[in-house]
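Structural overview
These are the residues of each chain, in order.
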Amino acid sequence: MTRLRLLSGPDLSLGAESMRAHVQRLGPPPMARAVLLGAIERSGLTGRGGAGFPVARKWHSVSAAGSAPVIIVNGAEGEPQSLKDRVLMTTRPHLILDGALIAARVLRAAEIAIYVGEHHHAAWTAMAAALAERPEPELRRARMAAAPARYVAGESSAAVNFLSSSIGTPTSKPPEPHTAGVGGAPTLVQNVETLAHVALIGRYGAEWYRSAGRRGAAGTVLLTAAGAVRSPGVLEVEAGTTVAEAVEMAGGAAGSPRAVLLGGYFGSWVDARQAMELPLDQAALRQAGYGLGCGVVGVISEHACGVCETARIMAYLAGESSAQCGPCFFGLRALSEACSRIAARGTNRDDLARLARWSSEVRGRGACKHPDGAIIFLQSALRTFGDEFATHPAHWRNHPSPVAMQTA
Amino acid sequence: MSNDLSLTVDRIRCDGRGLCAELLPEMIRLDDWGYPIVAAGPVPDHLLPLAQRAVSRCPVLALALRRVDRDQ
């Protein structure tokens, strides 16, 4: 049985835990500055928004910038397959606010912005209500900000740009947000799940955090099980849990699995047999050439068509380009159209050659990582569904699409 | 190689005018949509003057020569 941490406490169906219940269950948030940073460092906690950057290093670089920073509590959750940030905001808002408060006190922040996807209504309501309950001066000054409902809105420079200028698109780097972010102030952009872990590490310490985890991994992670599983939804598992075990926790596979989309739309397709053995841990997955991303585990069954799934997701990602950088805007559109042609009219050699050439050319040529994420995804599709791409008949629309269907 | 200057493109500024690829074909080619693909790594010494000229002629100031940050 997995030890629940972020999601322990009252049943999730009861909605947001009140401040009173939260403090009764966990005690007040701890506040000794030096102890906190040390604990976060020793915990080895990494970011849960997708990039997996070490939290302590990020905090050090924000603090090294010298002036009072801004903290962005990132609940934009633009990834269509991911639900975990929404569920956490809706049910455990005070855990997230505790983490934001700890970050604000450790870094002596001037300002906190709670940046929640404008389409995540329940999460917004829960976070705003929780914020209104908080007596701490840092949180009384905090403001809510509605993140545009776009895939890139949660990217750190897009979040900074939105809070500075109401334009939710990424900007060129340098400067990085941690040196010059909102209004020129050094800015910490941290995912809501990451901050919730900070709240518990602050209370119970690094050793406690590391006492969960399997196969050498530390802590717990939130996952969204999607697609062809019997009970799709959000799970908390110990880091290092295998994909097969996570699928079992989600009620088991519905039908015989063909492939798993690991990490969401910026993640990778992995052949099901190979995927099931993989441990869900950032370090271990990176070593295997994959990523945990935002924690999506999307299963498709052998009755689904990997080519059509890929074409649908590429069309989505191309449409989510913020249209600022030519290679991303034109490149992803062209790649998406080549995928759609193969899906709709059947394989042709020209499009296969274009997919190979364009994907190597487009990668690394955007101001943000949007094109890179889309290319990693596409290249994983070409590897995992290589035979299907090479022999695809003209059959688009005739197949059900468990993973991509949920984006609508 | 005796310097550590590399060509960088501000991808948001770049409009795909294509002058850079005409001025420095040794290091820059254009993709199918007219946007520059720049050879990675430091600019060889003998191409530095040409690289500097390409930088100064970019009509939208998107091309730059920057010291490579080894950490990144």
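Things to note about the overall build of chain A
Tallying secondary structure elements over chain A gives 19 helices and nine strands in all. Expressed as lengths along the three principal axes of its C-alpha atoms, the size of chain A is roughly 65 × 45 × 35 Å. Taken across its 408 residues, chain A has 58% of its residues classed as buried. Within chain A, contacts between residues at least 6 apart in sequence are counted, and of these 73% link residues at least 24 apart.

Focus: the interface of chain A and chain B
Taken together, the contact between chain A and chain B spans 11 residues of the former and nine residues of the latter. In terms of residue class, the side of chain A that touches chain B is built from four nonpolar, five polar and two charged.

Quick look at the sheet that holds strand S3 (residues 143-147) of chain A
Residues and elements named next belong to chain A. Strand order in the open sheet formed by four strands is S3-S2-S1-S4, and the pairing between neighbours is parallel. The strands lining the two open edges of the sheet, one partner per strand, are S3 and strand S4 (187-191). If you compare each strand with its neighbour and ignore which way they point, the axes differ by 25° on average. With five bridges connecting them, strand S1 (residues 70-75) and S4 associate as parallel partners.

Details of the sheet that holds strand S5 (residues 220-227) of chain A
Residue and element names in this part refer to chain A. Strands sit in the order S6-S5-S9-S7-S8 across an open sheet of five strands; the sheet is mixed. Each having just a single partner strand, strand S6 (233-238) and strand S8 (268-271) make up the two edges of the open sheet. Strand-to-strand twist of the sheet, defined as the mean angle between neighbouring strand axes without regard to direction, takes the value 30°. Examined bridge by bridge, strand S7 (residues 257-262) and strand S9 (residues 296-301) share five bridges and lie antiparallel to one another. Directly across from Ala259, in S9, lies its bridge partner Ile300. Against the sheet, helix H17 (residues 370-384) contacts S7 and S8, and its axis sits at roughly 20° relative to S8.

Notes on the nonpolar core
Soluble, globular proteins show a tendency: their nonpolar side chains are buried together. Core analysis: the largest hydrophobic core is formed by 133 residues, its most contacted members being Val73 and Ala103 of chain A. Looking at this core element by element, the count peaks at 10 residues for helix H5 (residues 93-107) of chain A. Excluding its chain neighbours within four sequence positions, the residues that come into contact with Val73 of chain A are Ile96, Ala100, Ile112, Ala113, Ile114, Tyr115, Gln190, Val192 and Leu195 of chain A. Residues Val9, Ala21, Leu24 and Ala62 of chain B belong to the second largest nonpolar core, which totals 15 residues.

What about the packing of helix H2 (residues 33-43) of chain A against helix H3 (residues 55-64) of chain A?
Residue and element names in this part refer to chain A. Two elements in contact, H2 and H3, have axes whose closest approach is 8 Å; the angle formed by their N-to-C orientations is 135°. The orientation of H2 with respect to H3, classified from their angle, is oblique. Contact residues: H2 offers Leu37, Ile40 and Glu41, while H3 offers Val55, Ala56 and Trp59. In terms of residue class, the contact of H2 with H3 is made up of five nonpolar, no polar and one charged.

Quick word on the domain arrangement of chain A
Interface size, as often reported, equals the accessible area lost upon joining of the parts. Residues and elements named next belong to chain A. Partitioning chain A into structural domains gives domain 1 (12-211), domain 2 (220-301) and domain 3 (306-405). On a C-alpha basis, the centres of domain 1 and domain 3 stand 33 Å from each other. Residue composition of the side of domain 1 that touches domain 3, by class: three nonpolar, five polar and two charged.

Some points on the pairing of strand S2 (residues 111-117) of chain A
Residue and element names in this part refer to chain A. With respect to burial, S2 is a largely interior element, six of its seven residues being buried. The pairing of S1 with S2 spans six bridges and is parallel. Note that in S2 the partner of Val70 across the bridge is Glu111. Sheet topology note: the S2/S3 ladder contains five bridges and is parallel. Each bridged residue has a counterpart across the sheet, and for Gly117 the counterpart in S3 is Ala147.

Quick notes on the packing of H2 of chain A against helix H9 (residues 192-204) of chain A
Residues and elements named next belong to chain A. The interhelical angle for the contact between H2 and H9, taken along N-to-C directions, is 110°, at an axis separation of 9 Å. As far as their axial angle goes, H9 and H2 are roughly perpendicular. For H2 against H9, the interelement crossing comes out right-handed. In contact with Leu36, Ala39, Ile40 and Ser43 of H2, H9 contributes Val198, Ile201 and Gly202. Split by residue class, the contact of H2 with H9 holds five nonpolar, two polar and no charged.

Quick notes on unusual backbone geometry
Phi is mostly negative for residues that are not glycine, and the peptide bonds are mostly trans. Residues and elements named next belong to chain A. Across the junction of Lys173 and Pro174, the peptide omega takes the value 0°, indicating a cis bond. Tracing the chain through its elements places Pro174 in the loop between helix H8 (156-165) and S4. A positive phi angle is found at Arg108, which is not glycine, with a value near 50°. As for its placement among the helices and strands, Arg108 is situated in the loop between H5 and S2. Despite not being glycine, Ser166 has its phi angle at roughly 60°, a positive value. Following the sequence through the fold, Ser166 ends up in the loop between H8 and S4.

Calculation rules
Residues numbered from 1 in each chain as written. Chains lettered and ligands numbered in written order. Predicted model: local features only at pLDDT ≥ 70, side-chain atom pairs only at ≥ 80, totals over all residues. Helix = DSSP H or I, 4+ residues; strand = E, 2+ residues; numbered from the N terminus. Buried ≥ 20, exposed ≤ 12 C-beta atoms within 10 Å, placed from the backbone. Contact = placed C-beta atoms within 7 Å. Nonpolar A, V, L, I, M, F, W, Y, C, P; charged D, E, K, R; others polar. Pairing = 2+ DSSP bridges. Axes fitted to C-alpha atoms, helices over the stretch in contact; angles between N-to-C directions. Core = buried A, V, L, I, M, F, W, Y, C linked by C-beta atoms within 7 Å. Parallel < 35°, antiparallel > 145°, perpendicular 65-115°, else oblique. Domains from an automatic or database assignment. Left-handed = near helix turned anticlockwise from the far one by under 90°.

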